[in-house]
Amino acid sequence: MTTRQMKLAAFCAAGPVSGHHGGWRYPGAVRDFTQAATYLETARLLEQGCFDLMFIADILAIPNRLDGSMDSQLRYGALGAMRLDPLIVLAMLAGVTRNLGLAATISTSYAEPFQLARQVASLDHLSAGRAAWNIVTSFQDAEARNFSPRDQLSHEARYDRADEFMDVVCKLWNSWADGAMTLDPAAPLFADPASVHPIDHHGAYFDVAGPMNVPRPPQGRPIFIQAGASERGRDFAAKWTDIVFVTHASLESGIAFYKDMKRRAASFGRDPAELVILPGIAPVMGETTEIATARKTLLDSLADPQAGLSTLAYHLDIDLAQFPQDEVLPAMDVPGVQGHYKEVAELTQKQGLSLAEVGRRYGSGSGRFVVGTADAIADRMEEWFTKGAADGFMIQPPYLQGGIELPVRLLVPELQKRGLFRSAYEGPMLRDQLGLPRPKGP
Ligand SMILES: Cc1cc2nc3c(=O)[nH]c(=O)nc-3n(C[C@H](O)[C@H](O)[C@H](O)COP(=O)(O)O)c2cc1C
C-alpha cells in the first residue's frame, strides 16, 4: 500500500518579502534581489530538498493603498516594493535545475491569451515539463493604471474574462497534436500540417485565430495554480486548477475550506484527489526552541508595523489609514483579496486586536507562523495533513536563504523519517511529482 505523502512548494518572490516583512533586514540575509545568484541558490536548495515547485508571486505595480502613497512600500521593503518578472527568472532556472517545478504568477486581466500560452509553453518545453502558472485576476487600481485601458474591470467581469482566457489558452495548447513536429529531414516533413489547426475563437473578450507557433507542451498543458477565495474564485479554482494555494488563521477554517473545495471539484465532474490544496505556512526554525524563538523575536523587531499595514491595505484594497489605529477593524465588504480578508477578520474577531496590532502581525506572517524545531513544525504539518486541511504546504520563507536552507536541512528529513514526504523525485515532470495525469490531446 502506498501511503499518502505531502506536496511541498516554496512561496517565493523575485524581490523582498515572502514570509516576513523584516526578512530583508535580517542579519546575514541575502538582499541581492536583482542578482541571478540569489534565485539560482534558492532553486538549488529546493531541488536538494525534493520540493515539488518554486512558486514566484507577482504584482504589476508598487502598491499605494496606505494613505494614497507608495512610500511605506518602498521605505520598508514591503510586499510590492520591487519585483523582477517571474517568467524571466524561471526561464533562467529551467537551465540549471532538473526536477523542480517552476511556477509563474501571471494575470489574466492584463496578459493576452496568445502571448501567455506561448510563453508558458516555451517554459514547459525548455524545462522538459516543469512549468506551472499561478492564475491571478488582479485587484488593484495601481496595476490597472499601468495598462491600457486604465480602468479595472469589476470583480465579476474579471472572472468572466479569466474563464474565457482559460478556454482560449487551452485551445491554443491543443492546437498542435502530440507528435505534430515530426522533424523528418528525408521527407521532408518538419511538422505535419494535418496535425496543426487554427482555433478560430470569437468570444466576449477575445478573438484569437491560432494556431500557436509552439508545439503542444510536454505536460499537455502547464500545471494551474490559483488562490481566489471569493465564491466566484473558489468555483474558478474547482473548475480549472490543479493546485489551490490558501492562507488560514486556524485549523478549523482550513478543514472547512478543504472540504468545500473538494466538494466543488466533484460538482464539476472532477476527481477531488486531483485538486491539490496547499495552505501557506511560514516556519521560523532553529536547532532548538530557544534559537527559533530568538530568531522570531529578532525578525519581528525588524518589521515596522507600517510595513504590514501597508501590505494589508494593498491586499484588501482599502486605505487603512482612514480607521483609528487603536480600534478593532470594522467588518466590511472589501474589494481586494477575499482570502486575506477572511484570515484577518478571523484574527480580529477571535482576539479583539487593534488595527495597529493586526498590521504588526500581518507583516510578521499573522497566523501562518510556526516557531520551533523541525520536530514541532512537522507535528503541526502532520496534524493539518491528517485532519483533512491540507494535501501539502506552501512554505513561505521568512528570509533568504535561511528560510529555505533550514527547512531543507532539518524539516524535510524529519518529514521523510515520518514517511510523509518523498526522498527522491517521482519522475521528470511536475505532473509526476503531483501524481496528476497528462491531459489527452486532440
Ligand atoms: C495566498 C494568496 C496569494 C496570492 N498571490 C497573488 C499574487 O502573487 N499576485 C496577485 O496578483 N494576486 C495574488 N493573489 C490574489 C488572488 O489570486 C486573486 O486573483 C484575487 O484574490 C481575486 O480573487 P478573489 O476575489 O476570488 O479572492 C493571492 C491570493 C492569496 C489568497
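Above: the structure in question.
As a convention, each chain's residues are numbered from 1 in the sequence order in which they are written. It should be noted that, the model being predicted, local features are given only for residues of pLDDT at least 70 and side-chain atom pairs only at 80 or more, the latter also being counted only at that level, while totals for whole chains, interfaces and linings use all residues. The side-chain values count all of the structure's non-hydrogen atoms but skip hydrogen atoms and water molecules.

**Details of the packing of aromatic side chains**
Aromatic pairs are defined between Phe, Tyr and Trp rings, using the six-membered ring for Trp, whenever the two ring centres lie within 6.5 Å; interplanar angles under 30 degrees are classed as stacked, those over 60 as edge-to-face, and all others as tilted. This structure, assessed with the given rule, holds 12 aromatic pairs. Here the aromatic rings of Tyr159 and Phe236 are separated by 5.7 Å at their centres, their planes lie at 50°, and the arrangement is tilted. Of the two residues, Tyr159 is situated in helix 6 (residues 155–173) and Phe236 in helix 7 (residues 231–240); the sequence distance between them amounts to 77 residues. Taken individually, Tyr159 and Phe236 each receive the classification buried, so the pair is uniform in this respect. Between Trp173 and Phe224 the ring centres are 5.9 Å apart and the planes differ by 35°, which places this aromatic pair in the tilted class. Counting from the N terminus, the helices are DSSP H or I runs at least four residues long and the strands are E runs at least two residues long. Only protein chains enter the calculation, and the probe is 1.4 Å; a residue is then buried if its accessible area is under 20% of its type maximum, exposed if over 50%, and partly exposed in between.

**A look at the nonpolar core**
In terms of nonpolar packing, the biggest core is built from 81 residues, with Trp133, Trp173 and Met381 touching the most fellow members. Counting residues in hydrophobic clusters, the runner-up holds 19 residues, among them Leu309, Val334, Ala345 and Tyr362. Throughout this description, the term nonpolar core refers to a set of buried Ala, Val, Leu, Ile, Met, Phe, Trp, Tyr and Cys residues connected via side-chain atoms within 4.5 Å.

**A short note on the pattern of salt bridges**
Salt bridges are identified by distance alone: a Lys or Arg side-chain nitrogen within 4 Å of an Asp or Glu carboxyl oxygen. This model, assessed by the stated rule, comprises 31 salt bridges. As a salt-bridge pair, Asp391 and Lys262 come within 3.0 Å of each other at their nearest N and O atoms. With Asp391 in the loop between helix 13 (374–386) and strand 11 (392–395) and Lys262 in helix 8 (residues 251–267), this pair connects stretches of sequence that are 129 residues apart. Residue classification places Asp391 among the buried residues on the basis of a relative accessible area of 9%. We classify Lys262 as buried; its relative accessible area is 12%. Of the charged contacts, one joins Arg418 and Glu414 as a salt bridge, the two residues approaching to 2.8 Å between their closest N and O atoms. Given the relative accessible area of 12%, Glu414 is considered buried. The network of salt bridges with shared partners includes Glu231, Arg234, Asp235, Asp260, Arg263 and Arg264.

**Looking at the site of the ligand**
If even one non-hydrogen atom of a residue comes within 4 Å of a molecule or strand, that residue is called near it. Near the ligand you find 19 residues, and of these Asp58, Thr137, His155, Tyr159 and Ser230 are the closest. Throughout this description, a polar contact denotes any pair of N or O atoms lying within 3.5 Å of each other; where both atoms belong to protein, one of them has to be capable of donating a hydrogen while the other can accept it, and for residues adjacent in sequence the pair is counted only when both atoms sit in side chains. One of the backbone nitrogen or oxygen atoms of Asp58 is found 2.7 Å away from a nitrogen atom of the ligand. Within the side chain of His155, a nitrogen or oxygen atom sits 2.6 Å from an oxygen atom of the ligand. Protein contacts shield 96% of the accessible area of the ligand, which totals 620 Å² for the unbound molecule. Counting only elements with at least two residues in the shell around the ligand, the list comes to helix 6 and helix 11 (338–351). Charged means Asp, Glu, Lys or Arg here, nonpolar means Ala, Val, Leu, Ile, Met, Phe, Trp, Tyr, Cys or Pro, and polar covers whatever is left, Gly included. Residue composition of the shell around the ligand, by class: 8 nonpolar, 10 polar and 1 charged. Note on areas: these come from Shrake-Rupley sampling with a 1.4 Å probe, and a residue is covered only by the protein chains present in the view.

**Examining helix 9 (residues 289–301)**
Expected span of a helix: the number of residues minus one, times 1.5 Å. Helix length check: helix 9, at 13 residues, gives a terminal C-alpha distance of 18 Å against a target of 18 Å (1.5 Å per residue), a fit within 8%. Of all the residues in helix 9, the buried ones are Ala292, Arg295, Lys296 and Leu299. Around the axis of helix 9, the buried residues are gathered within 95° of arc, so they sit on the same side. Along helix 9, the residues that are exposed and aim more than 90 degrees away from the buried face are Glu290, Thr297 and Ser301. Every residue pair with non-hydrogen atoms within 4.5 Å of one another is taken to be in contact. The elements touched by buried residues of helix 9 are strand 9 (276–285), strand 10 (369–372) and helix 14 (402–417). It is the directions from the helix axis to the C-beta atoms that the arc portrays.

**Examining unusual backbone geometry**
Cis rather than trans, the peptide bond between Ala187 and Pro188 has omega equal to -5°. Tracing the backbone shows Pro188 in the loop between helix 6 and strand 5 (201–202). With a phi close to 60°, Asp67 is a non-glycine residue in the positive phi region. When you line up the elements, Asp67 lands in the loop between strand 2 (53–57) and helix 2 (71–76). Phi is positive for Leu183, which is not a glycine, with a value near 50°. By secondary structure assignment, the location of Leu183 is in the loop between helix 6 and strand 5.

**Topic: a nonpolar patch on the surface**
By definition, no residue in a patch forms a salt bridge, and every one has over 30% relative accessible area; like charges are joined within 9 Å, nonpolar side chains (Val, Leu, Ile, Met, Phe, Trp, Tyr) within 5 Å. On the surface, a nonpolar cluster with roughly 230 Å² of combined accessible area is contributed by Leu40, Met92 and Val96. Along the chain, Val96 turns up in the loop between helix 3 (86–94) and strand 3 (101–107). Val96 gets classed as exposed once you look at its relative accessible area, which sits at 56%.

**Overview of the pairing of strand 4 (residues 131–136)**
When you tally the buried positions in strand 4, you get 5 out of 6 residues, the bulk of the element. Place the viewer so that the strands point away; then a crossover is right-handed whenever the path from the first strand over the helix to the second strand goes clockwise. In this region the chain leaves strand 3, passes through helix 4 (residues 113–126) and returns to the parallel neighbour strand 4; the handedness of that crossover is right-handed. Pairing analysis gives 4 bridges linking strand 4 to strand 7 (residues 223–226), with the strands arranged parallel. Bridging across to strand 7, Ala132 finds its partner in Ile223. We call two strands paired when DSSP finds no fewer than two bridges between them.

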